[in-house]
There are 2 protein chains.
Amino acid sequence: MTRAGRRPGQSQTREHILAAARELFAARGYTGATVRAIAAEAGVNPAMLRHFFGTKQGVFVAAMELPFNPAVLVPEVLNGPPEQAGERLVRLILRLWGDPESRAPFLTLLRSATTNEQASRMMREFMVDSVLDAVAEARGISETRVAALLAQLMGLALLRYVVEVPALAEASDEELVELIAPAVQGYLDG
Amino acid sequence: MTRAGRRPGQSQTREHILAAARELFAARGYTGATVRAIAAEAGVNPAMLRHFFGTKQGVFVAAMELPFNPAVLVPEVLNGPPEQAGERLVRLILRLWGDPESRAPFLTLLRSATTNEQASRMMREFMVDSVLDAVAEARGISETRVAALLAQLMGLALLRYVVEVPALAEASDEELVELIAPAVQGYLDG
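The paragraphs below set out a description of the structure included in this document. Position numbers for residues start from 1 in each chain and track the written sequence from start to end. Think of it this way: whatever chain is written first is A, whatever ligand is written first is 1, and the rest follow in order. Under the rules for a predicted model, residues below a pLDDT of 70 receive no local features and side-chain atom pairs below 80 are neither given nor counted, while totals for whole chains, interfaces and linings still include all residues. As a rule here, side-chain values come from all non-hydrogen atoms in the structure, and water together with hydrogens is ignored.

**What to know about the interface of chain A and chain B**
Residue contacts are defined here by distance: any two heavy atoms, one from each residue, within 4.5 Å place the two residues in contact. Counting residues at the interface gives 39 residues for chain A, matched by 38 residues for chain B. For any pair of parts, buried area is found by adding up, for both, the accessible area (1.4 Å probe) each one loses once the two are put together. With both chains or domains summed, chain A and chain B bury close to 3,100 Å², and 72% of this area falls on carbon and sulfur atoms. On the chain A side of the interface with chain B, the three residues burying the most area are Thr114(A), Val163(A) and Leu179(A), jointly 19% of the side's total. Just to be clear on terms, a salt bridge is a Lys or Arg side-chain nitrogen sitting within 4 Å of an Asp or Glu carboxyl oxygen. Our enumeration of links across chain A and chain B arrives at 0 salt bridges. Two N or O atoms count as a polar contact when they lie within 3.5 Å, although within protein this holds only if one can serve as hydrogen donor and the other as acceptor, and sequence-adjacent residues are included solely when both atoms are side-chain atoms. For the pair chain A and chain B, the number of links is 12 residue pairs in polar contact (both at pLDDT 80 or more). Secondary structure elements are defined from DSSP: runs of H or I of at least 4 residues count as helices, runs of E of at least 2 residues count as strands, and each element is numbered from the N terminus. Those elements that place two or more of their residues in the side of chain A that touches chain B are helix H7 (100–115), helix H8 (117–139), helix H9 (143–162), helix H10 (166–169) and helix H11 (173–189) of chain A. Element by element, the count of residues in the side of chain A that touches chain B is highest for H9(A), at 14 residues. Classifying every residue of the side of chain A that touches chain B by side-chain character gives 26 nonpolar, 6 polar and 7 charged. In this count, Pro and Cys sit with the nonpolar residues alongside Ala, Val, Leu, Ile, Met, Phe, Trp and Tyr, while Asp, Glu, Lys and Arg are called charged and the others, Gly among them, polar.

Encoded structure:
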């Protein structure tokens, strides 16, 4: 802590919290890094952290610069006609990965996860906590089923936007929705 | 070429060819690196290269130390009862990735593909040439369909063996076959 001497402004405080969060998420994983520990590391009150980011999920999303918050998106996908949830999920992935700017932080996360165990653990715990648990509970299906569905969607993102397999990179969004939504829906229907 | 002066032994020749192949595949991609160019780079006759590795696919498999040759595996999966091809494919992925030793070269390829464009191009062209084209033609389905199927299988490998999502990492092979084979079969049935 080398920032004694003056009272930091809001945006400085925010940055301190995010830096502390990145450090603790990397060191202890998503589950192990508590809101209290992040606040302590940043030298602020936990209430301050909640004021800025709401929940731990919110801190993680901001720290990793994710272009979305699962706490918002998951309910968005789950609400609406259940028989079209598969289609909504495929469209969501195409939207999030289709925009190069929103794709970048995912790519960073994916690269880190294939390269080091700390990042892989962080990604795993965040996925379980923010997506798997929520979807499994809301639909009354097993986490294995939700994970198989995520595997389909992440594989699609990987092959379309990273490896750029032409058959996927050149297909229209509509084609892909038509082709892949039934498999996704199949997992959701249990 | 600094190895003039004596006649290299068989295993030395083999290593020269593989080193030349790795260099050219990285520089020109899988499609751009011809058997002739690799042979020239290694200072051997193309016939010598074919003698050691059969086809370009064979050179690539040896150069990347892949634990399998798609030229052997793809027909293996496609032969046998067509209505069980989805199941055979899921079992194949679980077998190839389940063994840490055979998993290592895939992981290396996946890491490189998420990190640099050359490796990504190499992986893309090899996949198209050795898997996508062959399966699409044999089953009379579109390459997009085969690619969606591969997305499911690669996502499964990624989340089970790299990110290690517990719901997938702890599931038995049988559970995963039962859960995922229907989606894969759906793509194959067109």
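**Overview of H8(A)**
Given 3.6 residues per turn, any residue in an α-helix points the same way as the ones three and four places further on. All names here are of chain A. Under the convention used throughout, the expected extent of a helix is 1.5 Å for every residue step, that is, one less than its residue count. Look at H8: 31 Å from first C-alpha to last across 23 residues, which is about the 33 Å you get at 1.5 Å a residue. We define the bend at each residue as the angle formed by axes fitted to the 7 residues ending at it and the 7 residues starting at it. Of all the bends in H8, the greatest, near 40°, is centred on Val128. One side-chain oxygen at the N-terminal end of H8 lies 3.1 Å from the backbone nitrogen of Gln118; it belongs to Asn116.

**Quick notes on the relation of the copies chain A and chain B**
To line up the copies, we fit them by least squares on C-alpha atoms, keeping just the residues with pLDDT of at least 70 in both. Each copy superposes on the other: chain A lies on chain B with an RMSD of 0.0 Å after a rotation of 180° and an axial shift of 0.0 Å. Within this description, the copies of the chain are treated as partners about a two-fold rotation axis. Taken as a fraction of all interface residues of chain A, those also at the interface in chain B reach 97%, which identifies the copy contact as same-surface.

**What to know about the pattern of salt bridges**
As enumerated under the stated definition, the model contains 14 salt bridges over all chains in all. Here Arg121(A) makes a salt bridge to Glu125(A), at a shortest N to O gap of 3.2 Å. In this pair, Arg121(A) and Glu125(A) are both assigned in helix H8, 4 residues apart and thus about one turn of the helix distant. For Asp189(B), the salt bridge goes to Arg139(B), with nearest N and O atoms at 3.6 Å. Here the residue Asp189(B) occupies a position in helix H11 (residues 173–189), and Arg139(B) occupies one in helix H8 (residues 117–139), the gap between them amounting to 50 residues. Linked through salt bridges whose partners overlap, the residues forming this network are Glu87(A), Arg91(A) and Glu174(A).

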